[in-house]
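Residues per chain are reported as follows:
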Protein chains: 4
Amino acid sequence: MANIPQTRRSDTRERIQEAALELFVHRGYEKTSLREIAEELGVTKAALYYHFKTKEDILAALSADIGAPVDALIAWGESRPPTLETKRELLRRYSESLVKAAPLYHILQENQASLRSLGIGVTLRRRVVRLSELVHAGGGPMRSQVRYSSAVLTVHFGALTMDAIGGDPEERRLAVLEVALELLESAAG
Amino acid sequence: MANIPQTRRSDTRERIQEAALELFVHRGYEKTSLREIAEELGVTKAALYYHFKTKEDILAALSADIGAPVDALIAWGESRPPTLETKRELLRRYSESLVKAAPLYHILQENQASLRSLGIGVTLRRRVVRLSELVHAGGGPMRSQVRYSSAVLTVHFGALTMDAIGGDPEERRLAVLEVALELLESAAG
Amino acid sequence: MANIPQTRRSDTRERIQEAALELFVHRGYEKTSLREIAEELGVTKAALYYHFKTKEDILAALSADIGAPVDALIAWGESRPPTLETKRELLRRYSESLVKAAPLYHILQENQASLRSLGIGVTLRRRVVRLSELVHAGGGPMRSQVRYSSAVLTVHFGALTMDAIGGDPEERRLAVLEVALELLESAAG
Amino acid sequence: MANIPQTRRSDTRERIQEAALELFVHRGYEKTSLREIAEELGVTKAALYYHFKTKEDILAALSADIGAPVDALIAWGESRPPTLETKRELLRRYSESLVKAAPLYHILQENQASLRSLGIGVTLRRRVVRLSELVHAGGGPMRSQVRYSSAVLTVHFGALTMDAIGGDPEERRLAVLEVALELLESAAG
DNA sequence: CATGAATGAGACTTCATTCAT
DNA sequence: TATGAATGAAGTCTCATTCAT
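S.K.: Residues and numbers for the relation of the copies chain B and chain A, please.
M.R.: When chain B is fitted to chain A, the best match, at an RMSD of 0.2 Å, comes from turning it 180° and sliding it 0.0 Å along the axis. Those values place the two copies in the arrangement expected of a two-fold rotation axis. With an isologous cut-off of 70% or more, the 100% of interface residues of chain B that recur at the interface of chain A puts this contact in the isologous class.

What follows is the structure in structure tokens.
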């Protein structure tokens, strides 16, 4: 029974997203041309336009798919009182989300200038900023604020740029999280 | 005595660098066209080519001028034993250097994808990486390494992206430095 | 008796024509894409191709439907001796035909360049030219010819471009016709 | 002496305008691609962009150069009381202007749909409309208005579309003008 | 009767760069 | 020291059209 049913609802759209993600990460958003994406898949540029309205739209789809968990996290954070425990949980879950979302934020990070003028760039950035705000939650003395920032930075860039350290990725992630939580503690302290 | 005897090294070259820096920061390296730079100065594109061999060359000149202090710092760090005190001093001086060099590293940060394929991009990046290595100096347990990384990240991004915190910039810089030094301490501890 | 026995000749075909006419008039033939027509109707482009062989074909169908009365008029004119009375009648009936056919000739008028290379463009144009010839009927001194031309122009463009004058359309049409008939009179005179 | 001085202030810009005018007239604005214009001249598309900012800009330059006399005429008409004599003179001079400006208005006429969305289309149209208004000058009974319109139409289209009549163009122009002036007379009468 | 998917051609435009003057 | 003119490559996007289902 149940033998692969008609594959006719073409998986091209998804393949485009995969190829685009790969190329955006390795060559950059601006530097990746639609020709490249198309050639990678063995289709024509026009085919891309059948599935996505613009180049930016491909990134937007990626953002919606991959970034969803962070959106959920923000919603969760907004629904809770800004206690220390909430903040701890935000960092923990953010760290987890980044395991999957890293490529997306990698693109954001390395292409900020290119994305600045694009709607999707704003959307992407807003997510990170909002999350940071939830951890800051209401200010406090500058010293605290810097620690809050540093905690978020550590989680964020720990996921994106600490590969030089080597070792097991998951182990590293936990180490990063631990440092971030300490910063959080001393910020709140 | 010694009243400007030099042949008045065309001030156009400097004006080009200034305009380029401004535009690279605000619009991005890739997104800034030579036409824009030329128009900003009221000269022709061809004039830019009289002073610089390529577009990348303009950025290279900027990097040499503005990045010199960091190069000096690296040289200094390499000439010393990797003691805790050396590392402290590295962070202190790096923090100071960034006051002037921030725009340059801002460009690096926001245009990594665009610069990756360019020689100058590699050069720029190498500086940051080397500095990071000097602070890490020889490994240690992962936990330490993450703290070292976090310390550098904090100084680096503290200078580039913590404007949201507000307050007096110099005061903020010192607060950032303090947090970074604490991380350093506990990494070494 | 005879209550609609026919196989309900798909009303989609007609809806396509209506939408196309509307769009061709307001946005121009060239500037109207099949995508727009399809979207307007809530069908796919492919559906248009089920009903019409090409884009030009849609215009051809429009021309056949809406332009039929003018064709009949031309046939009538060709079957009669080129007397003044015949010419008067031609102008009268042409003026009447234009009440319905105006949108079609509006398209012809505003898209001549685009239609020039199309078969249907030639067909459409031929109608107007032929009608003009019937009114000229055999030349005469230049002064007369200009008046004949002016008479036809007046009827034709009176229907297409005199809305600026305002007032009741039918009243205006009669005024236009009157002027045209005077020109005819003095041409023949 | 005076041997052809340095031809270095390149005449390419003018050659582009000439080629474009020719092609716009014969193939239509929309249907004429920049590739065609460039090939016609033996330069690259990029060369066109050195001289003109956009395709529309080429038409705008044409409009400014060729349409200037009509602009002057309108200014003149606006500075005078709307007497019959003024109107007569407007038609006379307009008829003269059209000898040179015909190709430009031919383009406007045959590409209205394409030009409608373009700034330059509006500009071009405005000229014709304004001139028509000056001849109408303040309304009057519908019958008069129609005659005024017909007079302008006759001059305008007499220059653009009466080649079928044949004969000497200048002679034809005068015949057309005569008819138009008669219409004007009877409109004012 | 209609759709989903794809194509090939071609459009306009921008860019970094070159070179004679 | 600088300019005017031009180029070649490439980019994003749109369009009419086809065809298996």
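Don't stop here, the text continues.
S.K.: Which residues make up the relation of the copies chain C and chain D, and what are the values?
M.R.: Between the two copies, chain C and chain D, the superposition gives an RMSD of 0.2 Å; the rotation angle is 180° and the shift along the axis is 0.0 Å. In this assembly the copies share their binding face: 100% of the residues contributing to the interface of chain C also contribute to that of chain D.

S.K.: Just give me the short version of the environment of Thr32(D), but keep the residues and values in it.
M.R.: All names here are of chain D. Here Thr32 shows up in the loop between helix 1 (12–27) and helix 2 (34–41). The exposure class of Thr32 is buried, given its relative accessible area of 1%. Sequence separation of Thr32 and Glu85 is 53 residues, and the distance between their C-alpha atoms is 42 Å. Non-local contacts of Thr32, meaning those with residues more than four positions away in its chain, are made with Leu23, Phe24, Arg27, Ile37 and Lys55.

S.K.: So, the packing of aromatic side chains: which residues are in play, and what are the values?
M.R.: Inspection of the entire model under this criterion finds six aromatic pairs over all chains. Ring centres of Phe157(C) and Phe157(D) lie 4.0 Å apart, and the angle between their planes is 15°; this geometry places the pair in the stacked category. Placement of Phe157(C) in helix 8 (residues 142–161) and of Phe157(D) in helix 8 (residues 142–161) is noted, with the two residues assigned to different chains. An identical accessibility class is assigned to Phe157(C) and Phe157(D); each is buried. The ring of Trp76(B) carries the charged tip of Arg93(B) above its face, separated from the ring centre by 4.2 Å. For the cation-ring pair, Lys55(D) lies above Tyr29(D), with the distance from its terminal atom to the ring centre recorded as 4.5 Å.

S.K.: Go over the interface of chain C and chain D with me, naming the residues and quoting the values.
M.R.: The interface is formed by 41 residues belonging to chain C together with 41 residues belonging to chain D. Summing both partners gives a buried area of about 3200 Å² for chain C against chain D, and 58% of it is carried by carbon and sulfur. Inspection of the region where chain C meets chain D yields seven salt bridges. Sort the elements by how many residues they give to the side of chain C that touches chain D and helix 8 of chain C lands first, with 11 residues. Grouping the constituent residues of the side of chain C that touches chain D by class yields 13 nonpolar, 16 polar and 12 charged.

S.K.: I'd like to hear about the arrangement of the chains, residue by residue, with values.
M.R.: Separated throughout, chain B and chain C approach each other most closely at a C-alpha pair spaced 31 Å apart. Separated without contact, chain A and chain D have their nearest C-alpha atoms at a distance of 21 Å.

S.K.: Help me get a handle on the protein's contact with DNA strand F, residues and values and all.
M.R.: Surrounding DNA strand F, one finds 37 residues, the nearest of these being Tyr49(A), Thr44(B), Thr44(D), Tyr50(D) and His51(D). The sugar-phosphate share of atoms of DNA strand F within 4 Å of the protein amounts to 63%. Take Tyr50(B): an N or O atom from its side chain is 3.4 Å from a phosphate oxygen of DNA strand F. For DNA strand F, a base oxygen lies 3.2 Å from a polar atom in the side chain of Lys45(C). Counting residues per element, the ones that place at least two in the surface near DNA strand F are helix 2 (34–41) and helix 3 (45–51) of chain A, helix 3 (45–51) of chain B, helix 2 (34–41) and helix 3 (45–51) of chain C together with helix 3 (45–51) of chain D. A class-by-class count of the residues in the surface near DNA strand F yields 14 nonpolar, 14 polar and nine charged.

S.K.: Hey, could you go over the side chain of Ser144(A) for me, with residue numbers and the actual values?
M.R.: Counting through the fold element by element, Ser144(A) comes out in helix 8 (residues 142–161). A distance of 2.9 Å separates a polar side-chain atom of Ser144(A) from the backbone oxygen of Ala187(A).

S.K.: Outline helix 5 (residues 84–110) of chain C, supporting the account with residue identities and numerical values.
M.R.: Each full turn of the α-helix corresponds to 3.6 residues, which orients residues three or four apart in the same direction. With 27 residues, helix 5 of chain C ought to run about 39 Å at 1.5 Å a step, yet its terminal C-alpha atoms sit only 32 Å apart, falling short of that. In the structure, helix 5 of chain C departs most strongly from a straight axis at Ala101(C), where the bend amounts to approximately 80° and where the proline Pro103(C) lies between one and four residues downstream.

S.K.: Talk me through the interface of chain B and chain A; I want residue IDs and the actual numbers.
M.R.: Counting from both sides, the interface comprises 41 residues of chain B and, opposite them, 41 residues of chain A. For the pair chain B and chain A, the two sides together bury roughly 3200 Å², of which 58% comes from carbon and sulfur. On the chain B side of the interface with chain A, the three residues burying the most area are Glu110(B), Met142(B) and Ile165(B), jointly 20% of the side's total. Where chain B meets chain A, there are nine salt bridges. Two residues, Lys31(A) and Glu30(B), come together in a salt bridge whose shortest N-O distance is 4.0 Å.

Scoring rules and cut-offs
- Residues numbered from 1 in each chain as written.
- Chains lettered and ligands numbered in written order.
- Predicted model: local features only at pLDDT ≥ 70, side-chain atom pairs only at ≥ 80, totals over all residues.
- Heavy atoms only, no water.
- Least-squares fit on C-alpha atoms with pLDDT ≥ 70 in both.
- Contact = heavy atoms within 4.5 Å.
- Helix = DSSP H or I, 4+ residues; strand = E, 2+ residues; numbered from the N terminus.
- Buried < 20%, exposed > 50% of the residue type's maximum accessible area, 1.4 Å probe, protein only.
- Phe/Tyr/Trp six-rings, centres within 6.5 Å; stacked < 30°, edge-to-face > 60°.
- Lys NZ or Arg CZ within 6 Å of the ring centre and 35° of its normal.
- Buried area = accessible area lost by both parts, 1.4 Å probe.
- Salt bridge = Lys/Arg side-chain N within 4 Å of Asp/Glu carboxyl O.
- Nonpolar A, V, L, I, M, F, W, Y, C, P; charged D, E, K, R; others polar.
- Near = heavy atom within 4 Å.
- Polar contact = N/O pair within 3.5 Å; in protein donor to acceptor, adjacent residues only side chain to side chain.
- Expected span 1.5 Å × (residues − 1).
- Bend = angle between axes of the 7 residues up to and from the residue.

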